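Summary of structural features
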Amino acid sequence: MRHLCVSTAAWTTIASLVMALHAGSAAAQPLRVGAGQTYAAPCGAIAAAKPNDTIEIAAGSYTDSCAINVAGLTLRGVGGLPKIDLSGTNHPAQYKGIYVVAADDVTIEHLELMGAHIDASNGENAAAIRVEASGLTVRGCTIHDNQNGILGGTTGTITIEHTELFGNGLGNGCNGGGCTHNLYIANIDVLYFRFNWSHGIAADTADKGHLLKSRAKTNYIQYNRLTGEDGPDSYEIDLPNGGLAVVVGNVIEKGKHAGNPTLLTWGEEGASNPDKRVFLVNNTFVNDFGSGTFVSAPGATLSANNNLFVGAGTVSSAGSLSADNASGIDPLFVDAAHYDYHLMAGSPAIGKGVAVGAADQVSLTATAEYVQPVAEAVRASAHDLGAFEYGTKPNLSDDAGTSSGTAGVGAAGAGNGGAGNASGGPTSQDAGAAIGGNDAALNGGAGSAGSTGKASSNGCGCS
(Lines give C-alpha, C1' and ligand atoms only; values in the text may rest on other atoms or scores of the structure.)
Protein backbone atom coordinates (compact mmCIF):
# COMPACT_ATOMS: atom_id res chain seq x y z
CA MET A 1 0.00 0.00 0.00
CA ARG A 2 1.35 3.40 -0.92
CA HIS A 3 1.15 6.20 1.64
CA LEU A 4 0.68 9.86 0.79
CA CYS A 5 3.08 12.06 2.72
CA VAL A 6 1.88 15.56 3.49
CA SER A 7 4.04 18.16 5.18
CA THR A 8 2.99 19.97 8.33
CA ALA A 9 2.77 23.23 6.39
CA ALA A 10 0.51 21.59 3.82
CA TRP A 11 -1.74 20.18 6.55
CA THR A 12 -1.98 23.64 8.07
CA THR A 13 -3.03 25.06 4.71
CA ILE A 14 -5.63 22.32 4.18
CA ALA A 15 -7.01 22.76 7.69
CA SER A 16 -7.32 26.50 7.14
CA LEU A 17 -9.22 25.91 3.91
CA VAL A 18 -11.60 23.45 5.58
CA MET A 19 -12.23 25.89 8.43
CA ALA A 20 -12.86 28.72 5.95
CA LEU A 21 -15.30 26.57 4.01
CA HIS A 22 -17.05 25.60 7.25
CA ALA A 23 -17.23 29.24 8.34
CA GLY A 24 -18.63 30.21 4.94
CA SER A 25 -21.27 27.50 5.24
CA ALA A 26 -22.24 28.70 8.70
CA ALA A 27 -22.44 32.30 7.53
CA ALA A 28 -24.79 31.22 4.74
CA GLN A 29 -27.43 30.08 7.22
CA PRO A 30 -30.46 32.40 7.18
CA LEU A 31 -31.42 34.59 10.10
CA ARG A 32 -34.87 33.37 11.15
CA VAL A 33 -37.74 35.48 12.42
CA GLY A 34 -40.94 34.34 14.12
CA ALA A 35 -42.34 32.53 17.13
CA GLY A 36 -39.65 30.37 18.69
CA GLN A 37 -36.97 31.69 16.33
CA THR A 38 -33.84 33.70 17.11
CA TYR A 39 -35.56 36.99 16.30
CA ALA A 40 -39.10 37.90 17.28
CA ALA A 41 -39.48 40.59 14.62
CA PRO A 42 -37.83 41.41 11.28
CA CYS A 43 -36.03 44.58 12.36
CA GLY A 44 -34.05 42.70 15.02
CA ALA A 45 -32.68 40.40 12.33
CA ILE A 46 -32.04 43.33 9.99
CA ALA A 47 -29.97 45.04 12.68
CA ALA A 48 -27.88 41.88 13.18
CA ALA A 49 -27.44 41.03 9.50
CA LYS A 50 -24.20 41.16 7.54
CA PRO A 51 -23.80 41.88 3.81
CA ASN A 52 -25.48 39.30 1.55
CA ASP A 53 -27.31 37.59 4.41
CA THR A 54 -30.81 36.16 4.01
CA ILE A 55 -33.54 36.78 6.57
CA GLU A 56 -36.46 34.33 6.60
CA ILE A 57 -39.66 35.66 8.16
CA ALA A 58 -42.27 33.13 9.25
CA ALA A 59 -45.94 33.73 8.52
CA GLY A 60 -47.57 36.00 11.08
CA SER A 61 -48.19 39.68 11.75
CA TYR A 62 -45.44 42.15 12.68
CA THR A 63 -45.52 45.86 13.46
CA ASP A 64 -41.88 46.98 13.44
CA SER A 65 -40.33 49.34 10.90
CA CYS A 66 -36.70 50.21 10.18
CA ALA A 67 -34.02 51.21 7.70
CA ILE A 68 -32.10 48.55 5.77
CA ASN A 69 -28.42 49.53 5.72
CA VAL A 70 -26.91 46.16 4.77
CA ALA A 71 -25.91 45.66 1.15
CA GLY A 72 -27.09 42.52 -0.62
CA LEU A 73 -29.61 41.64 2.08
CA THR A 74 -32.54 39.38 1.16
CA LEU A 75 -35.71 39.72 3.22
CA ARG A 76 -38.01 36.76 2.48
CA GLY A 77 -41.34 35.54 3.79
CA VAL A 78 -41.61 31.77 4.26
CA GLY A 79 -44.46 29.41 5.09
CA GLY A 80 -47.10 31.87 3.92
CA LEU A 81 -47.19 35.63 3.41
CA PRO A 82 -46.03 37.43 6.57
CA LYS A 83 -47.84 40.71 7.19
CA ILE A 84 -45.94 43.85 8.16
CA ASP A 85 -48.82 46.05 9.34
CA LEU A 86 -48.26 49.61 10.56
CA SER A 87 -51.94 50.56 10.54
CA GLY A 88 -52.12 51.01 14.31
CA THR A 89 -48.72 52.65 14.79
CA ASN A 90 -47.76 56.32 14.96
CA HIS A 91 -45.32 56.48 12.06
CA PRO A 92 -42.90 54.36 9.99
CA ALA A 93 -39.10 54.50 10.14
CA GLN A 94 -37.65 58.01 9.74
CA TYR A 95 -41.16 59.20 8.89
CA LYS A 96 -40.54 57.66 5.45
CA GLY A 97 -41.54 54.02 5.10
CA ILE A 98 -42.01 50.57 6.58
CA TYR A 99 -38.64 49.71 5.10
CA VAL A 100 -36.25 52.52 4.15
CA VAL A 101 -33.85 50.81 1.74
CA ALA A 102 -30.56 52.67 2.16
CA ALA A 103 -28.18 49.95 0.90
CA ASP A 104 -27.58 48.60 -2.59
CA ASP A 105 -28.85 45.31 -4.03
CA VAL A 106 -31.51 44.57 -1.43
CA THR A 107 -34.21 41.98 -2.27
CA ILE A 108 -37.65 41.93 -0.61
CA GLU A 109 -39.72 38.81 -1.35
CA HIS A 110 -43.09 37.36 -0.37
CA LEU A 111 -44.23 39.95 2.17
CA GLU A 112 -47.50 41.81 2.69
CA LEU A 113 -46.77 45.46 3.49
CA MET A 114 -49.56 47.74 4.66
CA GLY A 115 -50.51 50.71 6.80
CA ALA A 116 -47.61 53.12 6.22
CA HIS A 117 -48.85 56.61 7.07
CA ILE A 118 -47.73 59.90 8.58
CA ASP A 119 -49.80 62.93 9.44
CA ALA A 120 -50.24 66.14 7.46
CA SER A 121 -47.53 67.98 9.38
CA ASN A 122 -45.01 65.48 8.05
CA GLY A 123 -46.23 65.42 4.45
CA GLU A 124 -48.66 62.48 4.31
CA ASN A 125 -46.39 60.57 1.93
CA ALA A 126 -45.18 57.52 3.85
CA ALA A 127 -44.46 54.42 1.76
CA ALA A 128 -44.42 50.69 2.24
CA ILE A 129 -40.92 50.76 0.70
CA ARG A 130 -38.87 53.96 0.51
CA VAL A 131 -35.95 53.54 -1.89
CA GLU A 132 -32.70 55.43 -1.30
CA ALA A 133 -30.20 53.09 -2.99
CA SER A 134 -29.62 51.16 -6.21
CA GLY A 135 -30.43 47.61 -7.21
CA LEU A 136 -33.62 47.00 -5.23
CA THR A 137 -35.68 43.93 -6.23
CA VAL A 138 -39.26 43.48 -5.01
CA ARG A 139 -40.77 40.10 -5.85
CA GLY A 140 -43.98 38.28 -4.96
CA CYS A 141 -45.23 40.92 -2.52
CA THR A 142 -48.65 42.40 -1.78
CA ILE A 143 -48.47 46.14 -1.06
CA HIS A 144 -51.67 47.87 -0.08
CA ASP A 145 -53.38 50.57 1.97
CA ASN A 146 -50.33 52.80 2.36
CA GLN A 147 -49.96 56.46 1.46
CA ASN A 148 -47.47 55.32 -1.19
CA GLY A 149 -46.76 51.81 -2.33
CA ILE A 150 -43.12 52.01 -3.47
CA LEU A 151 -41.50 55.46 -3.51
CA GLY A 152 -38.12 56.86 -4.47
CA GLY A 153 -34.87 55.76 -6.01
CA THR A 154 -31.62 57.63 -6.59
CA THR A 155 -29.62 55.88 -9.32
CA GLY A 156 -29.07 52.47 -10.89
CA THR A 157 -31.94 50.02 -11.30
CA ILE A 158 -35.15 48.96 -9.57
CA THR A 159 -36.87 45.66 -10.42
CA ILE A 160 -40.47 44.92 -9.41
CA GLU A 161 -42.09 41.66 -10.46
CA HIS A 162 -44.98 39.34 -9.55
CA THR A 163 -46.27 41.93 -7.09
CA GLU A 164 -49.73 43.31 -6.41
CA LEU A 165 -50.28 46.95 -5.46
CA PHE A 166 -53.67 48.32 -4.49
CA GLY A 167 -55.48 50.69 -2.16
CA ASN A 168 -52.45 52.95 -1.86
CA GLY A 169 -52.74 56.71 -2.14
CA LEU A 170 -54.42 57.09 1.25
CA GLY A 171 -54.85 60.64 2.55
CA ASN A 172 -54.42 63.96 0.78
CA GLY A 173 -50.83 63.26 -0.22
CA CYS A 174 -48.28 65.97 0.48
CA ASN A 175 -50.80 68.24 2.14
CA GLY A 176 -53.24 68.08 -0.74
CA GLY A 177 -50.60 68.07 -3.50
CA GLY A 178 -51.50 64.56 -4.57
CA CYS A 179 -48.06 62.93 -4.63
CA THR A 180 -49.11 59.53 -3.33
CA HIS A 181 -49.28 56.61 -5.76
CA ASN A 182 -49.12 52.84 -6.03
CA LEU A 183 -45.67 53.23 -7.51
CA TYR A 184 -43.59 56.41 -7.79
CA ILE A 185 -40.02 55.99 -9.04
CA ALA A 186 -37.54 58.88 -9.12
CA ASN A 187 -34.81 59.71 -11.66
CA ILE A 188 -33.03 56.35 -11.63
CA ASP A 189 -31.37 54.76 -14.65
CA VAL A 190 -33.69 51.81 -15.34
CA LEU A 191 -37.02 50.53 -14.02
CA TYR A 192 -38.00 46.92 -14.73
CA PHE A 193 -41.72 46.40 -14.03
CA ARG A 194 -43.12 43.04 -15.09
CA PHE A 195 -45.88 40.55 -14.23
CA ASN A 196 -47.43 42.91 -11.68
CA TRP A 197 -51.01 43.96 -10.94
CA SER A 198 -51.52 47.61 -10.03
CA HIS A 199 -55.13 48.57 -9.39
CA GLY A 200 -57.73 49.88 -6.95
CA ILE A 201 -56.31 53.26 -6.02
CA ALA A 202 -57.56 54.48 -2.65
CA ALA A 203 -60.92 56.25 -2.85
CA ASP A 204 -59.69 59.29 -0.90
CA THR A 205 -56.88 60.26 -3.27
CA ALA A 206 -59.04 63.00 -4.81
CA ASP A 207 -58.53 61.32 -8.21
CA LYS A 208 -54.82 62.18 -8.34
CA GLY A 209 -53.28 58.75 -7.79
CA HIS A 210 -51.45 56.95 -10.60
CA LEU A 211 -51.08 53.21 -11.02
CA LEU A 212 -47.49 53.63 -12.19
CA LYS A 213 -45.41 56.81 -12.18
CA SER A 214 -41.75 56.77 -13.13
CA ARG A 215 -39.15 59.43 -13.87
CA ALA A 216 -36.55 56.77 -14.78
CA LYS A 217 -34.41 57.38 -17.84
CA THR A 218 -35.43 53.96 -19.19
CA ASN A 219 -38.62 52.04 -18.38
CA TYR A 220 -39.26 48.41 -19.30
CA ILE A 221 -42.98 47.90 -18.56
CA GLN A 222 -43.79 44.36 -19.65
CA TYR A 223 -46.67 41.91 -19.18
CA ASN A 224 -48.51 43.69 -16.38
CA ARG A 225 -52.15 44.29 -15.49
CA LEU A 226 -52.68 48.02 -14.86
CA THR A 227 -56.40 48.46 -14.32
CA GLY A 228 -58.24 51.42 -12.84
CA GLU A 229 -61.49 49.44 -12.56
CA ASP A 230 -63.91 51.22 -10.19
CA GLY A 231 -61.26 53.41 -8.57
CA PRO A 232 -60.59 57.16 -8.95
CA ASP A 233 -57.07 56.83 -10.34
CA SER A 234 -55.54 59.43 -12.62
CA TYR A 235 -53.02 58.03 -15.16
CA GLU A 236 -52.52 54.30 -15.56
CA ILE A 237 -48.94 54.92 -16.74
CA ASP A 238 -47.23 58.28 -16.17
CA LEU A 239 -43.69 58.86 -17.49
CA PRO A 240 -43.52 62.61 -16.83
CA ASN A 241 -39.90 63.17 -17.88
CA GLY A 242 -39.95 60.98 -20.96
CA GLY A 243 -37.03 58.66 -21.60
CA LEU A 244 -36.91 55.31 -23.39
CA ALA A 245 -40.17 53.46 -22.80
CA VAL A 246 -40.58 49.81 -23.80
CA VAL A 247 -44.22 48.94 -23.09
CA VAL A 248 -44.97 45.37 -24.21
CA GLY A 249 -47.77 42.90 -23.48
CA ASN A 250 -49.69 44.88 -20.89
CA VAL A 251 -53.40 45.10 -20.05
CA ILE A 252 -54.08 48.82 -19.46
CA GLU A 253 -57.63 49.82 -18.46
CA LYS A 254 -59.15 53.13 -17.37
CA GLY A 255 -62.29 52.94 -15.25
CA LYS A 256 -65.47 54.97 -15.52
CA HIS A 257 -64.75 56.87 -12.27
CA ALA A 258 -61.22 57.96 -13.19
CA GLY A 259 -60.04 61.50 -12.49
CA ASN A 260 -58.11 61.80 -15.75
CA PRO A 261 -59.12 60.75 -19.30
CA THR A 262 -55.58 59.73 -20.44
CA LEU A 263 -54.31 56.16 -20.06
CA LEU A 264 -50.59 56.54 -20.86
CA THR A 265 -48.77 59.85 -20.75
CA TRP A 266 -45.13 60.56 -21.61
CA GLY A 267 -43.23 63.82 -21.08
CA GLU A 268 -46.12 65.92 -19.78
CA GLU A 269 -43.86 67.58 -17.19
CA GLY A 270 -41.07 68.15 -19.71
CA ALA A 271 -39.17 65.38 -21.53
CA SER A 272 -35.88 66.06 -19.75
CA ASN A 273 -34.61 62.48 -20.10
CA PRO A 274 -32.36 62.20 -23.17
CA ASP A 275 -34.01 59.30 -25.02
CA LYS A 276 -37.25 60.25 -26.78
CA ARG A 277 -38.33 56.81 -28.05
CA VAL A 278 -41.56 55.08 -27.05
CA PHE A 279 -42.27 51.50 -28.15
CA LEU A 280 -45.78 50.10 -27.67
CA VAL A 281 -46.19 46.45 -28.70
CA ASN A 282 -49.02 43.94 -28.13
CA ASN A 283 -50.80 45.91 -25.43
CA THR A 284 -54.54 45.83 -24.77
CA PHE A 285 -55.76 49.35 -23.96
CA VAL A 286 -59.35 49.65 -22.74
CA ASN A 287 -61.03 52.99 -21.96
CA ASP A 288 -64.23 52.63 -19.94
CA PHE A 289 -64.25 56.34 -19.11
CA GLY A 290 -66.19 57.23 -22.26
CA SER A 291 -63.75 59.75 -23.75
CA GLY A 292 -60.12 60.84 -23.58
CA THR A 293 -56.74 59.87 -25.04
CA PHE A 294 -55.16 56.45 -25.00
CA VAL A 295 -51.56 57.60 -25.57
CA SER A 296 -50.30 61.14 -25.06
CA ALA A 297 -46.63 61.49 -25.95
CA PRO A 298 -45.82 65.02 -27.14
CA GLY A 299 -42.36 65.17 -28.66
CA ALA A 300 -41.75 61.43 -28.56
CA THR A 301 -40.68 59.20 -31.43
CA LEU A 302 -43.57 56.78 -31.15
CA SER A 303 -43.47 53.26 -32.57
CA ALA A 304 -46.64 51.18 -32.06
CA ASN A 305 -47.40 47.68 -33.31
CA ASN A 306 -50.01 45.00 -32.64
CA ASN A 307 -51.93 47.01 -30.04
CA LEU A 308 -55.67 46.92 -29.35
CA PHE A 309 -57.41 50.21 -28.45
CA VAL A 310 -60.94 49.57 -27.21
CA GLY A 311 -63.43 52.23 -26.18
CA ALA A 312 -64.03 55.87 -26.99
CA GLY A 313 -61.24 58.40 -27.29
CA THR A 314 -58.32 59.58 -29.40
CA VAL A 315 -55.85 56.76 -29.94
CA SER A 316 -52.71 58.90 -30.03
CA SER A 317 -51.85 62.57 -29.64
CA ALA A 318 -49.19 61.95 -32.31
CA GLY A 319 -51.78 61.12 -34.96
CA SER A 320 -52.83 57.87 -36.59
CA LEU A 321 -50.82 54.72 -36.02
CA SER A 322 -49.87 51.94 -38.42
CA ALA A 323 -52.54 49.59 -39.73
CA ASP A 324 -51.48 46.69 -37.50
CA ASN A 325 -52.96 48.56 -34.52
CA ALA A 326 -56.72 48.21 -34.16
CA SER A 327 -59.26 50.65 -32.75
CA GLY A 328 -62.99 51.19 -33.19
CA ILE A 329 -63.74 47.46 -33.40
CA ASP A 330 -65.46 44.93 -31.19
CA PRO A 331 -62.54 42.63 -30.32
CA LEU A 332 -64.85 39.91 -28.91
CA PHE A 333 -63.36 39.78 -25.42
CA VAL A 334 -64.23 36.80 -23.22
CA ASP A 335 -65.74 38.94 -20.43
CA ALA A 336 -65.01 42.66 -20.67
CA ALA A 337 -67.43 43.46 -17.81
CA HIS A 338 -65.10 41.58 -15.49
CA TYR A 339 -61.87 42.79 -17.13
CA ASP A 340 -61.07 39.56 -18.93
CA TYR A 341 -59.65 40.64 -22.28
CA HIS A 342 -58.74 37.26 -23.74
CA LEU A 343 -59.99 36.79 -27.30
CA MET A 344 -62.93 34.66 -28.32
CA ALA A 345 -63.20 32.75 -31.58
CA GLY A 346 -63.91 35.03 -34.50
CA SER A 347 -62.19 38.09 -32.99
CA PRO A 348 -61.00 40.52 -35.67
CA ALA A 349 -57.74 40.78 -33.68
CA ILE A 350 -56.78 37.20 -34.54
CA GLY A 351 -53.98 36.83 -37.08
CA LYS A 352 -53.38 40.55 -37.55
CA GLY A 353 -50.05 40.82 -35.74
CA VAL A 354 -46.84 41.73 -37.56
CA ALA A 355 -43.20 40.97 -36.83
CA VAL A 356 -41.42 43.63 -34.78
CA GLY A 357 -37.79 44.48 -34.25
CA ALA A 358 -35.79 45.54 -31.23
CA ALA A 359 -35.11 48.56 -29.07
CA ASP A 360 -31.33 48.62 -29.12
CA GLN A 361 -30.46 45.03 -28.11
CA VAL A 362 -33.83 44.26 -26.49
CA SER A 363 -36.33 42.32 -28.61
CA LEU A 364 -39.80 43.87 -28.79
CA THR A 365 -41.53 40.59 -29.62
CA ALA A 366 -44.13 39.61 -27.02
CA THR A 367 -42.86 36.29 -25.64
CA ALA A 368 -44.99 36.06 -22.49
CA GLU A 369 -48.47 36.84 -21.14
CA TYR A 370 -49.71 38.10 -17.81
CA VAL A 371 -51.65 35.45 -15.87
CA GLN A 372 -54.01 36.49 -13.08
CA PRO A 373 -52.90 36.97 -10.39
CA VAL A 374 -49.30 38.24 -10.78
CA ALA A 375 -48.04 35.21 -12.68
CA GLU A 376 -46.81 34.54 -16.19
CA ALA A 377 -47.07 32.15 -19.10
CA VAL A 378 -45.07 31.71 -22.27
CA ARG A 379 -46.73 33.22 -25.33
CA ALA A 380 -46.40 30.73 -28.17
CA SER A 381 -46.54 33.38 -30.89
CA ALA A 382 -47.42 37.03 -31.45
CA HIS A 383 -49.77 36.51 -34.38
CA ASP A 384 -52.71 38.25 -32.69
CA LEU A 385 -53.22 41.81 -31.53
CA GLY A 386 -53.21 42.74 -27.87
CA ALA A 387 -51.80 41.24 -24.69
CA PHE A 388 -53.23 37.73 -25.19
CA GLU A 389 -52.80 35.23 -28.00
CA TYR A 390 -56.05 33.55 -29.01
CA GLY A 391 -56.34 30.14 -27.39
CA THR A 392 -54.84 31.15 -24.07
CA LYS A 393 -57.01 29.67 -21.36
CA PRO A 394 -57.77 32.37 -18.77
CA ASN A 395 -58.24 31.62 -15.10
CA LEU A 396 -61.79 32.94 -15.02
CA SER A 397 -62.21 32.40 -11.29
CA ASP A 398 -59.43 34.88 -10.61
CA ASP A 399 -60.06 37.26 -13.51
CA ALA A 400 -63.74 37.70 -12.82
CA GLY A 401 -63.96 37.08 -9.12
CA THR A 402 -62.54 37.70 -5.72
CA SER A 403 -59.87 35.18 -4.87
CA SER A 404 -59.10 34.10 -1.35
CA GLY A 405 -55.41 33.32 -1.54
CA THR A 406 -52.38 35.53 -1.14
CA ALA A 407 -50.27 36.90 -3.96
CA GLY A 408 -47.03 35.05 -4.43
CA VAL A 409 -44.71 33.36 -6.83
CA GLY A 410 -43.36 29.86 -6.95
CA ALA A 411 -39.87 28.79 -7.77
CA ALA A 412 -40.48 29.48 -11.43
CA GLY A 413 -42.44 32.64 -10.86
CA ALA A 414 -45.94 31.16 -10.99
CA GLY A 415 -48.55 32.82 -8.84
CA ASN A 416 -50.41 30.78 -6.27
CA GLY A 417 -53.40 32.86 -5.30
CA GLY A 418 -56.47 31.17 -3.95
CA ALA A 419 -59.55 30.12 -5.84
CA GLY A 420 -61.82 32.92 -6.98
CA ASN A 421 -65.46 33.59 -6.35
CA ALA A 422 -66.95 34.20 -9.76
CA SER A 423 -69.75 36.32 -8.37
CA GLY A 424 -67.37 38.90 -6.96
CA GLY A 425 -65.75 41.94 -8.49
CA PRO A 426 -62.22 41.99 -9.92
CA THR A 427 -60.41 42.45 -6.65
CA SER A 428 -57.37 40.41 -5.68
CA GLN A 429 -56.72 37.71 -3.17
CA ASP A 430 -56.18 39.86 -0.10
CA ALA A 431 -56.33 43.19 -1.89
CA GLY A 432 -55.21 45.04 -4.96
CA ALA A 433 -52.74 47.67 -6.03
CA ALA A 434 -53.15 51.35 -6.56
CA ILE A 435 -51.17 54.49 -7.18
CA GLY A 436 -51.24 58.17 -6.41
CA GLY A 437 -51.27 60.87 -9.01
CA ASN A 438 -50.85 64.39 -10.45
CA ASP A 439 -48.25 65.46 -7.96
CA ALA A 440 -45.41 67.79 -7.36
CA ALA A 441 -41.97 66.71 -8.53
CA LEU A 442 -40.67 63.73 -6.61
CA ASN A 443 -37.42 65.38 -5.68
CA GLY A 444 -38.78 68.85 -5.16
CA GLY A 445 -39.72 70.65 -2.03
CA ALA A 446 -38.83 68.07 0.54
CA GLY A 447 -37.10 69.03 3.73
CA SER A 448 -34.01 67.13 4.72
CA ALA A 449 -34.08 64.80 7.66
CA GLY A 450 -33.46 66.42 11.01
CA SER A 451 -31.61 65.01 13.97
CA THR A 452 -34.55 62.78 14.85
CA GLY A 453 -34.86 61.43 11.32
CA LYS A 454 -38.13 63.32 10.91
CA ALA A 455 -38.54 65.00 7.53
CA SER A 456 -39.68 68.57 7.44
CA SER A 457 -43.28 69.14 6.51
CA ASN A 458 -42.91 71.45 3.55
CA GLY A 459 -42.84 69.02 0.69
CA CYS A 460 -43.12 65.56 -0.78
CA GLY A 461 -39.69 64.85 -2.12
CA CYS A 462 -37.70 61.72 -1.51
CA SER A 463 -34.55 63.20 -0.08
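Above: the structure in question.
Residues numbered from 1 in each chain as written. Predicted model: local features only at pLDDT ≥ 70, side-chain atom pairs only at ≥ 80, totals over all residues. Heavy atoms only, no water.

**Some points on the overall build of the protein**
Helix and strand content of the protein: three helices and 40 strands. For the protein, restricting intrachain contacts to residue pairs at least 6 apart in sequence, the fraction spanning at least 24 positions comes to 66%. Accessible surface for the protein amounts to roughly 17,100 Å². Of this, 54% is attributable to carbon and sulfur atoms. (Helix = DSSP H or I, 4+ residues; strand = E, 2+ residues; numbered from the N terminus. Contact = heavy atoms within 4.5 Å. Areas by Shrake-Rupley, 256 points an atom, 1.4 Å probe, with all protein chains shown as cover.)

**Here we look at the nonpolar core**
The biggest cluster of nonpolar side chains holds 66 residues, and the ones touching the most others in it are I55, Y99, I129 and I150. Other than its neighbours up to four places away in sequence, I55 contacts L31, V33, A45, I46, A49, L73, T74, L75 and R76. Counting residues in each nonpolar core, the second largest holds 14 residues, with V190, Y220, Y223 and F279 among its members. (Core = buried A, V, L, I, M, F, W, Y, C linked by side-chain atoms within 4.5 Å. Buried < 20%, exposed > 50% of the residue type's maximum accessible area, 1.4 Å probe, protein only.)

**Points about the state of the cysteines**
Counted by the stated rule, this structure contains one disulfide. Each sulfur in the disulfide pair C43 and C66 lies 2.2 Å from the other. Taking the sign of the S-S torsion, about -95° here, the bridge from C43 to C66 comes out left-handed. On the criterion of sequence distance, the pair formed by C43 in helix α2 (residues 42-48) and C66 in strand β4 (residues 66-68) is long-range, its members being 23 residues apart. (Disulfide = S-S within 2.5 Å.)

**Topic: the sheet that holds strand β11 (residues 136-139)**
Across the sheet, eleven strands lie side by side as β1-β2-β5-β8-β11-β14-β17-β20-β23-β26-β29; this open sheet has parallel pairing. Both edges of this open sheet fall to β1 (31-33) and β29 (301-305), since each of them pairs with a single strand only. Neighbour to neighbour, the strand axes of the sheet diverge by 10° on average, direction disregarded. As paired strands, strand β14 (residues 157-161) and strand β17 (residues 190-194) are joined by five bridges and run parallel to one another. When the bridges of β17 are listed, T157 appears paired with V190. (Pairing = 2+ DSSP bridges. Axes fitted to C-alpha atoms, helices over the stretch in contact; angles between N-to-C directions.)

**Some thoughts on the side chain of D64**
Take D64: it is sitting in the loop between β3 (61-62) and β4. In this structure D64 is buried but unpaired, with K83 as the nearest side chain of opposite charge at 14 Å. Only 2.7 Å separates the side chain of D64 from the backbone nitrogen of C43, close enough to count as a polar contact. The residues contacting D64, other than those within four sequence positions of it, are A41, P42, C43, G44, I84, L86 and I98. (Lys, Arg positive; Asp, Glu negative; His and termini not counted. Salt bridge = Lys/Arg side-chain N within 4 Å of Asp/Glu carboxyl O. Polar contact = N/O pair within 3.5 Å; in protein donor to acceptor, adjacent residues only side chain to side chain.)

**What to know about the pattern of salt bridges**
Applying the stated criterion across every chain yields a total of 15 salt bridges. A salt bridge links E109 to R139, with the shortest nitrogen-to-oxygen separation between them at 2.3 Å. In this pair, E109 is assigned in strand β8 (residues 107-109) and R139 in strand β11, connecting sequence segments 30 residues apart. Residue K254 pairs with E236 through a salt bridge whose shortest N-O separation is 2.9 Å. Here E236 lies in the loop between β21 (225-227) and β22 (237-239) and K254 lies in strand β24 (residues 251-254), a separation of 18 residues in the sequence. Exposure remark for E236: the relative accessible area of 0% places this residue in the buried category.

**Considering the sheet that holds strand β18 (residues 197-199)**
Sheet architecture is open: eleven strands sit in the order β3-β6-β9-β12-β15-β18-β21-β24-β27-β30-β32, paired in parallel fashion. Bordering the open sheet on either side are β3 and β32 (326-327), each of which pairs with just one other strand. In this sheet, strand β30 (residues 308-311) lies alongside strand β27 (residues 284-287) in parallel orientation, the contact comprising four bridges. Pairing of F285 across the sheet is with F309, part of β30.

**So, the packing of aromatic side chains**
The tally for this structure, following the rule as stated, stands at five aromatic pairs. Judged by centre distance (5.5 Å) and plane angle (75°), the rings of F294 and F309 are edge-to-face. Remark: F309 occurs in strand β30 and F294 occurs in strand β28 (residues 293-296); sequence separation between them is 15 residues. Ring geometry for F333 and Y341: centres 4.9 Å apart, planes at 55°, overall tilted. Classification of F333 as buried rests on a relative accessible area of 10%. An aromatic cluster is defined as three or more aromatic residues linked by ring pairs; in this entry it consists of F285, F294 and F309. (Phe/Tyr/Trp six-rings, centres within 6.5 Å; stacked < 30°, edge-to-face > 60°.)

**Details of the environment of S291**
Tracing the chain through its elements places S291 in the loop between β27 and β28. It is 9.7 Å that separates the C-alpha atoms of S291 and K256, two residues lying 35 residues apart in sequence.

**Details of unusual backbone geometry**
Here the bond from Q372 into P373 is cis, since omega is -5°, no more than 30 degrees from zero. Within the secondary structure, P373 sits in the loop between β37 (368-371) and β38 (375-378). Despite not being glycine, D105 shows a phi value in the positive range, around 60°. The topology assignment puts D105 in the loop between β7 (97-101) and β8.

**Focus: the pairing of β11**
Where β8 meets β11, three bridges bridge the pair, whose relative direction is parallel. Among the inter-strand pairings, I108 is bridged to a residue of β11, identified as V138. Examined bridge by bridge, β11 and β14 share four bridges and lie parallel to one another. Bridging across to β14, L136 finds its partner in I158.

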